[in-house]
Structures are given as C-alpha cells and as structure tokens.
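Results of the structural survey
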Amino acid sequence: MIRKVLIVHNEYQKHGGEDSVVVQEENALKRAGYDVQLFMVSNKAIESFTDKVQAAFSATNSPRMIKSIVDVAREFRPDVVHIHNFFPMISPMVHAALQKIGIPTVQTLHNYRVICAGATLNRNGAPCEICITKSPYHAVLHRCYRGSVLGSLAVAYSVQRHKSLGTWWKHVDRFIVLTEFERSRYIAAGLPGERIKTKPNGLADPGVGPAQRRGLLFVGRLTYEKGVDVLVKAARMAGCPIKVLGQGPLQSLVEQSAEVEYVGQCDPSGVRAAMADAAAMIVPSVWYEGLPMVIVEAFASGTPVIASRIGSLAEVIEDGVTGIHTKPGDAADLAMAMMRLVSDPAMARRMGDAARQKYEEKWSEAPTTSHLLSIYEEAVASLARKQIAVKSSQPPELALT
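Note that this is a predicted model, so its numbers are computed, not measured.

Roughly 280 Å³ of internal volume is contained in the second largest pocket. Contributing to the lining of the second largest pocket are 21 residues, with Ala211, Arg213, Pro345, Ala348 and Arg349 lying nearest its centre. Ranked by residue count, the leading element in the lining of the second largest pocket is helix α16 (residues 345–363), at six residues.

Written out as structure tokens, the structure is:
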C-alpha cells in the first residue's frame, strides 16, 4: 500500500500550469493523509542565452543532480517517486538510477519534450509531427529550441539518446498523460501504450462564481503558440473588450490593442477572481495543448471556454455544451464565437453550469487523487514483477545474492 511519495520537479523560470499542478498534487496527497516530500530545483538561475544553451547540453544526463535525488530517496524511502518536469536540470537518467535502488517511478508527460525538441509538436504556427516517426535532428534544421541551432542540437541529441538507450521503455513504470489525444501521440512515437495512463489534472474546489458575469478573459503566456496575435485581431473584429492576464514576448502587441485591458501577471488569487467574474475564458492556442490548468480553473468556477479545435482542446471542451470550438488561427471565427457568447448571457450560463458539472465529476480533487493513487499502485506492482522476472532468469547462485 502506498504511504510515502517523493515528488520531483524542475520548476520553470516563470510560474506556470505545470508548477501549479505539482503544488496541487502535493497538497491533495497530504490532505488525503499521505506522507509527501517535494524535491524541486529551479530554472530561475538560467538567465543568459549561454546559460540556456549550456543547460540544454546538460539535459541528457545530470549525474550530480541525480545523486542528490537518490540520496533524498534513500533517506526518505518513498514507495514511489513521481517525476514531473525533468528538463533541463534533472534529466531522464533519474528513472534508471531510482529503479536501480528498487524504487518505482511515474513520469507525468505535461508536454512533448521526450519526443520533440521544442516540446510542442508545433512549428511556424502549425502542428508538426515529423519527429514522432522520424529523426529528432530535424529540430536542428528548423531551430525548434528557442531559435538556436546549438540549443536545438543539444535537445535533439537528448531526445535521440534516451530513445536509443530505451529510457522510456525500460526505466519508467507508469506514464501519466492528461488526455487521450496526448496518449495517441506518444503511442505513435513508440512509447509503451500499456504503461501510459490518462489522468486529468485535479483542482481543489475554488467555488462557483456569481451568476452575473461580464467580459471575456485570457490567462496565459503571451506567445504565438498560445494564439495571442489571433486573440488581439479577433477582439478588434468583434469589438468585444477582453481582459488579459500574463506576460511574454507579445506583451507590447497586447498593450497596444484598444480592445484589450492588459492586467499583467497575477497571483493565483487574482486569477481566480478574474475567472469567477468572466462570462467566458478564451484559449486560442495553435499548438497541441495538454490540459491547461486555466481550463480546469474555468470549469471549476462555472465559466465556459472558447477554445481552438485542435489536439486535446477539441477533446476537453465539448462544443456547444461546455464551450465553443473555433478554427485554430482563424481570428474571424474566434470573433464570431466571442460575439455569440457575449450577446447571449443565458447560453453562457448554461455552458458554465455544464462546465462546473464536468469539473465536479472528473476534475475535482477526490476523483483525480484516487486515480493518481491507483496509478502509483500499478507502478509499484510493475516494478515488483520486473524484479521477480530478473531474479527467476538468473542462475540459482546469483538469484540468492
């Protein structure tokens, strides 16, 4: 039976959805009575371009960091180690090191880093799956990692190296993905489908927002892959004011738009307040999102979501029920959806109620924590079977040692 869990995470420079998931799962497990320890390192020390390239080159293997994690594991003696983001300071080699000392591991695949140097399966504003079945070194030609040839080479090498070593096939007991769409992409890339489990992110109940809502909301990093340029165009076409929370390279574009109220980066309480007050959340991404926490938060608040009909978003939002689908990258289509919800508050409320119901049934803390624990149990059993198989294949004199 699972009693102790070690969570391992490489924190991002700017707090994002993955970081929030780690905090949520740690607290959920503690609230459920489990002994949890968090091992976290941060990318905040990686500042210059040179730092970023050096970090990318160290991503294949980080022996010192792995030794630190193994030392913590030896002292804490967890039943399972759950790894979230490993890039770039930890490296996937941590799985083999932990299995070597008899501890099963679980890896959440928040993005596509293990098969794509850019981690998004997106290039030039459109889906790109060339590295799923072909060489990851295509990323070098297209400068998929931060527009850098050297950085792309380093990350592509890491992807290829762990593919060649069989890291994902030999040393991970269970994978967690957020949607069936994500699972399908990893299976297409050759990862063992029987070990890939679909579990959505959970969220402690923030409470439902008021019945009367006003305005539209975007929360996220201000980048092209998030569809921020499309959002600005759509707001102008629709004449619908929209509140924007977040930071990123497209901040100046957002600030210059007359239809946008730019708020900037907000703490979690500020995001929750804005979410509860919005008539709808907009997720105009043009890449294969997983299950963005902003969607979980919106549903929990009873807020419908207007989202691109792409990848997991088409699966997560039910068109006409919990929100509206729009064509990825199409500002006119997005503008029409925005006007449709703003002009029909009753419909927006119906969709918000349906969104809240989905949250309660599938994304609230109790069912997602229960699901997580069942995956941990599978990981423990999987490693135990593997150890028995190894011992039974050894000569009697070796099996006794």
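On to helix α4 (residues 93–100), then. Residues of α4 that are buried include every one of Val94, His95, Leu98 and Gln99, and no others. Along the axis of α4, the buried positions cluster into a sector of 130 degrees, meaning they face one direction only. Looking at the buried side of α4, the elements it contacts are α3 (63–76), β3 (80–83), β4 (105–108), α8 (167–170) and α17 (365–393). Two residues or fewer after α4 comes Gly102, characterised by a positive phi angle close to 85 degrees.

This part covers the side chain of Asn85. Position of Asn85 relative to the elements: it lies in the loop between β3 and α4. Judged by relative accessible area, which is 7%, Asn85 ranks as buried. From its side chain, Asn85 meets the backbone oxygen of Phe87 in a polar contact 2.9 Å long. Excluding its chain neighbours within four sequence positions, the residues that come into contact with Asn85 are His9, Asn10, Tyr12, Glu18 and Ile90.

Right, let's talk about a nonpolar patch on the surface for a bit. Together, Phe57, Tyr137, Leu150, Leu153 and Tyr157 line one region of the surface with nonpolar side chains, adding up to about 470 Å² of accessible area. Within the fold, Tyr157 resides in helix α7 (residues 149–165).

Looking now at the pairing of β4. Of the two faces of β4, the one carrying Thr105 and Gln107 and the one carrying Val106 and Thr108 are both buried. Across three bridges, the pairing between β3 and β4 is parallel. If you follow Val81 over to β4, its bridge partner there is Thr105. Assessed by its sense of winding, the connection that carries the chain from β3 through α4 to β4 is right-handed.

This part takes up the pattern of salt bridges. If you walk through the whole model with that rule in mind, you get twelve salt bridges. Across the pair Glu25 and Lys199 runs a salt bridge, and its minimum N-O distance is 3.1 Å. Here Glu25, found in helix α1 (residues 17–31), pairs with Lys199, found in the loop between β8 (196–198) and β9 (216–219); they are 174 residues apart in sequence, far enough to count as distant. Classification of Lys199 by relative accessible area gives buried; the value is 2%. Where salt bridges share partners, they join Arg174, Lys197 and Glu378 into one cluster.

Rules behind the numbers
Counting starts from 1 at the beginning of each chain's written sequence and moves along it residue by residue. With pLDDT at 70 or above as the cut-off, local features in this predicted model cover only qualifying residues; side-chain atom pairs require 80 or more to be listed or tallied, and sums for whole chains, interfaces and linings still use all residues. Remark: hydrogens and water are excluded; side-chain values derive from all non-hydrogen atoms of the structure. Whether a set of points on the 1 Å grid over the protein atoms alone is a cavity depends on a 1.4 Å probe fitting there but being unable to get out, while an open set qualifies as a pocket with protein on both sides within 12 Å along at least five of seven lines; lining residues are those with an atom within 4 Å of a point. Grid points are joined across faces, edges and corners, and a volume is the space filled by probe spheres set on the points. By the criteria applied, helices consist of DSSP H or I runs no shorter than four residues and strands consist of E runs no shorter than two, each listed in order from the N terminus. Burial status follows relative accessibility: with a 1.4 Å probe on protein chains alone, a residue under 20% of its type maximum counts as buried, one over 50% as exposed, and anything between as partly exposed. Of all possible arcs, the one meant is that of the directions from the helix axis to the C-beta atoms. Any pair of residues with heavy atoms lying within 4.5 Å of one another is described as a contacting pair. Pairing of N or O atoms within 3.5 Å defines a polar contact, subject to two protein rules: one partner must be a possible hydrogen donor and the other a possible acceptor, and residues neighboring in sequence count only if both atoms are side-chain atoms. Surface patches are drawn from residues lacking salt bridges whose relative accessible area is over 30%; two like charges belong together within 9 Å, two nonpolar side chains (Val, Leu, Ile, Met, Phe, Trp, Tyr) within 5 Å. Computed with the Shrake-Rupley method and a 1.4 Å probe, the accessible areas treat only the protein chains shown as cover for residues. Should a side-chain nitrogen of Lys or Arg be within 4 Å of a carboxyl oxygen of Asp or Glu, the pair is scored as a salt bridge. Strand pairing is assigned whenever DSSP identifies at least 2 bridges connecting the two strands. With the strands pointing away from the viewer, any crossover whose connection runs clockwise from the first strand over the helix to the second is right-handed.

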